[in-house]
Amino acid sequence: MLKVYLSNIATSDGIWLSFPMGYQERQEAMKFGAEGTNEIGAVTSPLEGLKTHLEGMTLRPGKGIQELEFLDRHTDCMTEREKCIFQAALEIEEPRSVMEIVNLSCNLDKFVLYDGASNHEELGKRVLGNEEMSEKVSLYLDYEAAGEKYAGSHAGCFTQLGYVTRTGEALEPLYDGKRLPDPGYDRSCVIQAWLSSPYYAAGNYRYYPVSLPASDDRLALAEEKLGWKKLDEYEVSCISCPVRELESCLPFSRDIREMNAFAGLLVERNILGDAGTREKLFAVLEAEVPENMAEAMEIAAGLERYTILPEDIRTADDYADYFLDEAQIYIDEEVQPFLDYKRLGECQMRKDGVVQTEHGLVRREDIPMAQPTEELEEFKLFSPLSALLYPDDWDGGDMPEEISPSDLCDFEDKILERIREEHLEEEGERGLAIYLHNRLLKRKVFSMNPTVEIWNGELWGVLEVKSHGPLSPQELSGLMEEWEGQESDGWGEGFEQRAFKTEEGEIFVSFWHSDDDFFIKTEQELKQRQTQDFGVKMGGNG
């Protein structure tokens, strides 16, 4: 872990920073770092090269602390081999600022390590390729001289693992001083997975980042850092993708090793590098709705089995025209006005296994794709409401009055009326389901409509959900996450900003609040828990 001493150049005030920092320490550090120019004094680090180069550098006001924090997290994700290359890169490049060190740490692919080349003779053997030479010739080669010549003409240095030198490719400045890369960043990253465990969070950061595809060494390092004997899907807290659209097409059931294999396949076949293949992948994943990463990998490996229909065929009406043309069925002009093209197209699409996606219509050539069940599952999600009353004579001096969930019951009808006013015509009966970010969830969830309901003497915020078949636990968790986003920043943010009038004044109702007691639960979870709590209280009173 990194530990540095900062001193303010103007005032000579100083502060020790030990990474990772707690919330309070981080706030104090950010405040200190924003006040003038600070110089890095003493440094403690497991990487001697990082210590040597950081000492004496100045920090940029505002960003400097975050840059140091990034280096601590990023180097913690490096394997021993990567640490060796990084320290050699520092010696070779001699960076002059923390920002340059950050960029260098993300350019390790621009360096090559000749394993085992600990001196000029061994380097010479690696450079000349002695294994390919005839023994009669190799006996008379001056490998030491060859190694010295190579080292003299290439920027490089010897390390405990071998000789490190530049590949010849130019370094890429990924960090421009504004937005830092993700810790653990790798240039070939397809999926950035954030892993968690109580063991890791106890003395480190909240999440441990892993860029996928990752080597076996890097996954083994993650297991070691997290303190788990094996990595499984329950330790993947969240993911992000450099190609953002991919993130919206991935299933919620995520096994880290299956994700790694999927990411490796995409890199191996350059699926994301070709625009046409990339769009096809997104469309097919949306159409097939894989339940897990193993199914997603099978789909990606067999993209040739799918056809994206021409761009002008995007709706059921379009498909009806396409079908009639392909089948050479002529419809008389007098009959055309009475033909339900939409219904014909939908019926034929089901028969042909054609699925409509945001990237167009997708058809599988070997077997028809399974269609979502027409039967709808219905369930409700409950979350606590909060409300504030602003009296008519409120002058901004006193705090507005909080209204309890029990008192809110008196205003149920007015709140329901406000919810109806928030509904947009284009949402139709699907409601907020049309805004779902995850495409697979969007295909499976038919509707999401907010409402309120009285339970146990209190008024609750409720989301009524209808889905094509039951949702898996992972899909339900993903739905709750998206609904919380709507409550806090989307639909709910707009709703809480528009009050309704009462005799006492204006009331603003919120479906979300930032306190620790906020939650989202299924109806069964909520009512079962509250019934159990009530039973415990009754037993205690006895």
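A brief look at the structure comes next. (Residues numbered from 1 in each chain as written. Predicted model: local features only at pLDDT ≥ 70, side-chain atom pairs only at ≥ 80, totals over all residues. Heavy atoms only, no water.)

Let us look at the pattern of salt bridges. For the coordinates displayed, the defined rule picks out 33 salt bridges. Across the pair K125 and E122 runs a salt bridge, and its minimum N-O distance is 4.0 Å. A residue pair is termed a helical-turn pair when its members lie 3 or 4 positions apart in one helix, as K125 and E122 do in helix α6 (residues 120–128) at three residues. For K125, a relative accessible area of 22% translates into the label partly exposed. Its relative accessible area of 31% is what places E122 among the partly exposed residues. Of the charged contacts in the structure, one is a salt bridge between K501 and D392, with a shortest N-O distance of 3.0 Å. Of the two residues, K501 sits in strand β19 (residues 500–501) while D392 sits in the loop between β15 (386–391) and β16 (401–403), which places them 109 residues apart along the sequence. Since its relative accessible area comes to 52%, D392 is described here as exposed. One network of salt bridges, with partners in common, ties together E245, E286, E358, R439 and K442. (Salt bridge = Lys/Arg side-chain N within 4 Å of Asp/Glu carboxyl O. Helix = DSSP H or I, 4+ residues; strand = E, 2+ residues; numbered from the N terminus. Buried < 20%, exposed > 50% of the residue type's maximum accessible area, 1.4 Å probe, protein only.)

This part takes up the pairing of strand β14 (residues 376–384). In this structure, β14 lies alongside strand β18 (residues 458–468), joined through nine bridges in antiparallel fashion. The partner of E377 across the bridge, within β18, is S467. Examined bridge by bridge, β14 and strand β21 (residues 521–522) share two bridges and lie antiparallel to one another. Paired with F382 across the two strands is K521, which belongs to β21. (Pairing = 2+ DSSP bridges.)

Time to look at the sheet that holds strand β9 (residues 208–212). One key point about sheets: their strands pair by backbone hydrogen bonds, in either a parallel or an antiparallel sense. The three strands lie next to each other as β9-β8-β10, forming an open sheet whose pairing is antiparallel. Each having just a single partner strand, β9 and β10 (236–240) make up the two edges of the open sheet. The mean angle between the axes of side-by-side strands here comes to 25°, regardless of whether they run parallel or antiparallel. With four bridges joining them, strand β8 (residues 191–195) and β10 adopt antiparallel strand pairing. Across the sheet, A193 pairs through a bridge with I239, a residue of β10. On the sheet, helix α12 (residues 256–268) packs against β8, β9 and β10 and is oriented at approximately 165° with respect to β8. (Axes fitted to C-alpha atoms, helices over the stretch in contact; angles between N-to-C directions. Contact = heavy atoms within 4.5 Å.)

So, on to the sheet that holds strand β17 (residues 445–455). Overall, antiparallel pairing links the four strands, which are arranged β17-β18-β14-β21 in an open sheet. Only two strands of the sheet have a single neighbouring strand rather than two, namely β17 and β21. Relative to the sheet, helix α17 (residues 412–422) contacts β17 and β18, its axis offset from that of β17 by approximately 160°. Seen against the sheet, helix α19 (residues 473–488) touches β14, β17, β18 and β21 and runs at an angle of roughly 50° to β14.

Formed by 83 residues in total, the largest nonpolar core has its most connected members in I40, L54, L246 and L281. The residues contacting L281, other than those within four sequence positions of it, are L246, L266, I271, L272, A300 and L303. In this structure, L381, L432, L463 and F518 belong to the second largest nonpolar core, which totals 34 residues. (Core = buried A, V, L, I, M, F, W, Y, C linked by side-chain atoms within 4.5 Å.)

Turning to the packing of aromatic side chains, a few remarks are in order. With the rule as written, the count across this model stands at 15 aromatic pairs. Between Y150 and Y163, the ring centres sit 6.4 Å apart and the planes meet at 70°, which makes this aromatic pair edge-to-face. Placement of the pair is Y150 in helix α8 (residues 143–153) and Y163 in strand β7 (residues 162–166), with a sequence separation of 13 residues. One exposure class covers both Y150 and Y163, and it is buried. Ring pairs connect the aromatic residues Y114, Y150, F158 and Y163, which therefore count as one cluster. Lying over the aromatic face of W16, K3 brings its terminal NZ or CZ to 5.2 Å of the ring centre. Residue placement shows K521 over the ring face of F519; its charged tip is 5.6 Å from the ring centre. (Phe/Tyr/Trp six-rings, centres within 6.5 Å; stacked < 30°, edge-to-face > 60°. Lys NZ or Arg CZ within 6 Å of the ring centre and 35° of its normal.)

With that settled, the discussion passes to the packing of α6 against α8. Between α6 and α8, the least distance of the axes is 6 Å, while the angle of their chain directions is 85°. Compared by their axis directions, α6 and α8 come out roughly perpendicular. For the pair formed by α6 and α8, the contact residues are H120, E121, L123, G124, K125, V127 and L128 on the first element and Y143, E144, A146, G147, E148, Y150 and A151 on the second. Its residues placed into classes, the contact of α6 with α8 shows seven nonpolar, three polar and four charged. (Parallel < 35°, antiparallel > 145°, perpendicular 65-115°, else oblique. Nonpolar A, V, L, I, M, F, W, Y, C, P; charged D, E, K, R; others polar.)

The subject of this paragraph is the environment of V462. As for its placement among the helices and strands, V462 is situated in strand β18. For V462, a relative accessible area of 0% translates into the label buried. Taking the C-alpha atoms as reference, V462 lies 50 Å from E334; in sequence the two are 128 residues apart. Setting aside residues no more than four positions away along its own chain, V462 makes contact with K380, L381, F382, N449, P450, T451, V452, E453 and F511.

Here the focus is the side chain of E487. Take E487: it is sitting in helix α19. Within the buried core, E487 has no salt-bridge partner, and the shortest N-O distance to an opposite charge, that of K521, equals 13 Å. Here the side chain of E487 touches S383 through a polar contact of 2.7 Å, side chain to side chain. Setting aside residues up to four positions removed in sequence, E487 forms contacts with S383, G492, E493, F511, W512, F518 and I520. (Lys, Arg positive; Asp, Glu negative; His and termini not counted. Polar contact = N/O pair within 3.5 Å; in protein donor to acceptor, adjacent residues only side chain to side chain.)

Glancing now at the layout of surface pockets. Each pocket or cavity is described by its volume, and for the largest pocket that value is around 840 Å³. Lining the largest pocket are 23 residues, with E346, Q356, Q371, R443 and H468 positioned closest to its centre. Breaking the lining of the largest pocket down by element, the ones donating at least two residues are α15 (316–326), α16 (341–352), β12 (354–357), α18 (439–444) and β17. Of the residues in the lining of the largest pocket, the class split is seven nonpolar, five polar and eleven charged. (1 Å grid on protein atoms, 1.4 Å probe; cavity = no way out; pocket = protein on both sides within 12 Å on 5 of 7 lines; lining within 4 Å. Points joined across faces, edges and corners; volume = space filled by probe spheres on them.)

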